[in-house]
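# Structural overview
Below are the chains, spelled out letter by letter.
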Amino acid sequence: MSKRYLQNPFYKTSEELLLKYLDEEDGVCKIKQSSQKEILYSLNEALKEITSNVKPSLGADDYSVYSGLAGISYTFLKIFLNDRAFRFQNQSALTWALKYIEASTDMIKANGIKKNAGGFLGTQTGCLSLASVIYSYTLEHERAFEYVNLIFDSVNRGIVKPNITSEELLYGKAGIIYSLLFIYRNFFNISQHLKANIGFLTKNIAESIIKEGKKHSTTLPDSSFAPSLWFWHGKAYLGAAHGVAGILAVLLQIPKRYWPDNLSEFILESLNFLSSQIKGGKLKATTQSSNDDLVQFCHGPSGITHLLTLAASKSSNDRESIVEVAKTCVDTVWQKGILKKGVGLCHGISGNAYACLDLFKLTREKQYLVQTLYFSERCMSWKQETLNGKLRLPDAPYSLMEGLCGAVCLWNDLLWLEKRYHGFLFKDSSKAFSFDSSSRRYWLILNPDATESPVVEYTAVEYTGEEDEYGVDEYNEIILCREHTGVKVRSGTSVKTDSL
Ligand SMILES: [Zn+2]
């Protein structure tokens, strides 16, 4: 048995788990009712643990999204955004999100707002962006904009001076872009004006990131060609938390209209470099590292998989080759992903489960859904496995990135995925789903077999291209994003997303 992970008894036999987790009928798979019930039960039990052990009060010592109060708020907000009807202890998830973000921002204010903070996970910028979104939903517009303006002020000072000197995700400029895009995509009834302000600010920061990356690209110890490298505490990291993968993933999420010139080429070259560093589904943490044994989101193949699947979903030319690399990474994750460090997103089991889930959503190959569900089940036994010494207790055991909130996010996404898709249609199915590889667009077909039925039965929905402009609401109707609300596509209609 290795030091970092527990043996996966199903590494070579994941097909044995198909019958345990999935029901299949006429080519459509569903997560079994029994599994869904277990997931929902675990989610509720975990929320009890979290809210009874970490109270939203000034007595807490960590306000951050990564390991503190704002991470718990983020978890409840995510549940709310997925399912507005969800109740925990007779209160909506939004109410719980509000309690924790108020405690978090009170702490920040008590300690003084920093004028140059970067990052979403590790600094106050993430908390402020979360607060702005939550207050937009509670319709407290003044407070929502107070936090938006604090971020704008902080970012402008930090970038212009410049005080924000790193580019990575946790504390640097990529994290600022992530925070801004979090507002762009989640702020309730966002105005065109605010979207444009965020878009242009994002573009400026992205240009600054690219400039720094090119400047450092010639510093590799050997003659390898790296079109972009960024440094964190003197080291050139490759993974998601502090390195190339995290930065590229954030750049890829910027709406296309705000892309800096030549961003596509820059990302493609950087992606080729990064792919060349992946050997047998493994990746070193930094260019200087002597080993590649970390299998976790922050450093290693699961964080890289997030980037690769995102890139493949946006690229028609290189999709197949990128998917192949992602599959080698997920194979490593599946083998070595039951980490002893616990169930968090950063270096825990839920973070590794998301690598499998990302690949499933891209390929619709059911083995990756099964792998996600097995990791999810291992998260359910966290308490028992911690007590019997198999798992270690993290420093922040209930937090988002190190602890139980990470598993709650995973369980919530699994339940929501099922609810949204009403079963999953797979690659080899001819039903209701087609994919145009040249335009990288999925055709969305609602209830294709019925001529009169009013029942909406879409089974697979995916958006590409300017997908940030589209959304699917919980009432099974396709809506255009907020600036076009009111335009709806009813059942029995087939549409191409770009013709809406
Ligand atoms: Zn980590």
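Residues numbered from 1 in each chain as written. Predicted model: local features only at pLDDT ≥ 70, side-chain atom pairs only at ≥ 80, totals over all residues.

## Observations regarding the packing of helix α3 (residues 69-82) against helix α5 (residues 124-137)
Running from N to C, α3 and α5 point in directions that differ by 35°, and their axes come no closer than 10 Å. Both α3 and α5 take part in a crossing whose hand is left-handed. Residues A70, S73, Y74 and L77 of α3 form the contact with α5, whose own contacting residues are G126, C127, L130, V133 and I134. Classifying every residue of the contact of α3 with α5 gives seven nonpolar, two polar and no charged. (Axes fitted to C-alpha atoms, helices over the stretch in contact; angles between N-to-C directions. Helix = DSSP H or I, 4+ residues; strand = E, 2+ residues; numbered from the N terminus. Left-handed = near helix turned anticlockwise from the far one by under 90°. Contact = placed C-beta atoms within 7 Å. Nonpolar A, V, L, I, M, F, W, Y, C, P; charged D, E, K, R; others polar.)

## Some details on helix α13 (residues 349-363)
If you check α13, its first and last C-alpha atoms are 21 Å apart, about what 15 residues at 1.5 Å a residue would give, namely 21 Å. The first or second residue beyond α13 is R364, which carries a positive phi of 60°. (Expected span 1.5 Å × (residues − 1).)

## Let's talk about the UniProt feature "binding site: Zn(2+)" (unreviewed entry) in the chain
As recorded in UniProt, the sites labelled "binding site: Zn(2+)" (unreviewed entry) are C298, C346 and H347. In summary, the annotated positions, though distributed over 50 residues, converge in three dimensions, the widest C-alpha pair being only 6.3 Å. By the element assignment, C346 lies in the loop between α12 (319-336) and α13. According to the C-beta neighbour criterion, C346 is buried, with 26 such atoms within 10 Å. Leaving out residues up to four positions away in the same chain, C346 has contacts with A241, Q296, F297, C298, G351, M401 and E402. Other than its neighbours up to four places away in sequence, H347 contacts Q296, F297, C298, L339 and K341. (UniProt positions renumbered as here; feature names shortened; annotations may be inferred. Buried ≥ 20, exposed ≤ 12 C-beta atoms within 10 Å, placed from the backbone.)

## Quick look at the nonpolar core
The biggest cluster of nonpolar side chains holds 138 residues, and the ones touching the most others in it are A97, L130, I134, I177 and C356. Discounting residues that sit within four places of it in the chain, C356 has contacts with V330, V333, W334, Y368, Q371, T372 and F375. (Core = buried A, V, L, I, M, F, W, Y, C linked by C-beta atoms within 7 Å.)

## As for unusual backbone geometry
At L139, a position not held by glycine, the phi torsion is positive, near 65°. Inspection of the secondary structure puts L139 in the loop between α5 and α6 (141-160). By C-beta crowding, L139 is classed as exposed, having 10 other C-beta atoms within 10 Å. Notably, N189 is not glycine yet its phi reads approximately 55°, a positive angle. Among the structural elements, N189 can be located in the loop between α7 (173-186) and α8 (192-216). Since 12 C-beta atoms lie within 10 Å of it, N189 is described here as exposed.

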